[in-house]
Amino acid sequence: MSTEARRPAPPVRPPHDPPPSATPRSPQHGETEQATGSGTPPPPPATARFPDTPPAVGSRQTAQETTVRLRPVPSGPVRRATPERPPWGPPNAGPVTDSASSAAPFGSPAPGAAPAPAPPARPRGRLGAALACGLLGTGLLAAGVTAGITGGADGGADSYAEAREMWRTTPVDELFPPSVKGRDLGPGGADRTWKRVAVAPDGDCSGAFDPALRRTLAAVGCERLLRATYTDATRSHLVTVGLLFTEGDADRMRALRTKVAKGRLDRSADRLPRPYAAEGTLAEGFGDEQRASWAIDVLTEAPVVVYAVSGWADGREVSEPVPAPDALQGSVDAAPAQAGLGHDAGRLAGLFARDLRKAVAPPRETPS
């Protein structure tokens, strides 16, 4: 036997055993040890798969957030904003000056009120036209009946009750507009513009009238008194306008108007209204001694007495005030009348009285 025939054959290794020089790998996190000789290859390292752990701190990789963060929802009930106060607020509130914002959120619905219903869909075609004509005829008939009940110029008990609440339900900028324009209402037919300086808090009538005028107005009582002070375009004149909402009914208001007219009490120098002097404004020095002219109008369409009193803005005193009716007629030559202070008081009182009459006694529809 030859030498090559006696040499032993090398040992046969299993096909999947690692080479002798390789170091066995320990199982990684999340892997399962495979039995030696298994037919399934081991899984790849974790870094080769979809990363199932956040990157290590300090690595170059940056985790990107793909979700949208939402604003946290409070756990308690949602609180809704409500208006601070009604148009005129609680009694004896602080004065409102026009150097700051004087318009509250007026005209908005009361807190907790149900929203207004959506308007109904408009009918179409001939049927819709017929329905529209029928509704129009019904509306005109109702308007005529309502006008007949209210009685035209002098309102009844219902209209008086509604008008007496106007100081509470009407926004301040409607009762006392920030600006009032009078075309051809100045001396010689000149145009006039008055700017609001301040609005007084609503209150009673104490301290608002001279004693004799207070006794005259006591016949109708005092429900509420509203006042505002205006200045002309040159800021040389001041005018306080007052709206006295009375407690009287239609008969008592007519009796008071007749008494004032027959006795010419609106021209009596001992029956003057007092101005409203708001601190920190142009009207701060507008006192009793500065009164130069005045006007008083007793309404019968509503339980309201409208008045105005004017004076110079520089604080000069006036010894003999001039009634606005006399100044408008040109029957006096005093300085207040020549300067136009009678026009300020008379015209402003007339404009406010006219607007109130329109608001409480609209013109009656006349069927054709």
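Remember, predicted model here, so these are calculated numbers, not experimental data.

(A) Examining helix α3 (residues 157–164) more closely. For α3, every residue scored as buried is listed here: Ser159, Tyr160, Ala163 and Arg164. Seen end-on, α3 carries its buried residues on one side only, within an arc spanning 135°. The exposed set on the far side of α3, more than 90 degrees from its buried face, consists of Ala157, Asp158 and Glu162. Buried residues along α3 sit in contact with α4 (166–169), β5 (237–245), α7 (250–263) and α10 (341–360).

(B) Main features of the pairing of strand β3 (residues 192–199). β3 sits mainly inside the fold: 6 of its 8 residues count as buried. When strand β2 (residues 179–182) meets β3, the two strands line up antiparallel, connected through 4 bridges. Considered in β3, the bridge of Gly182 is made with Arg192. Bridge analysis of β3 against strand β4 (residues 224–232) gives 5 bridges, and the strand direction is antiparallel. In the strand pairing of β4, Lys195 is matched with Thr231.

(C) Quick peek at α7. The end-to-end C-alpha distance of α7, which contains 14 residues, comes to 20 Å, matching closely the 20 Å that a straight helix rising 1.5 Å per residue would cover. Residues of α7 that are buried: Ala250, Met253, Leu256 and Val260. All buried residues of α7 project into a common sector of 130° when viewed along the axis, lining one side. What points out from α7, more than 90 degrees from its buried face, is the exposed set Asp251 and Lys262. On its buried side, α7 packs onto α3, α6 (211–217), β6 (293–298) and β7 (304–312). Looking one or two residues beyond α7, the residue adopting positive phi is Arg264, at roughly 50°.

What counts and what doesn't
Residues numbered from 1 in each chain as written. Predicted model: local features only at pLDDT ≥ 70, side-chain atom pairs only at ≥ 80, totals over all residues. Heavy atoms only, no water. Buried < 20%, exposed > 50% of the residue type's maximum accessible area, 1.4 Å probe, protein only. Helix = DSSP H or I, 4+ residues; strand = E, 2+ residues; numbered from the N terminus. Arc of directions from axis to C-beta. Contact = heavy atoms within 4.5 Å. Pairing = 2+ DSSP bridges. Expected span 1.5 Å × (residues − 1).

Scope: geometric values only; no functional claims are made or implied.
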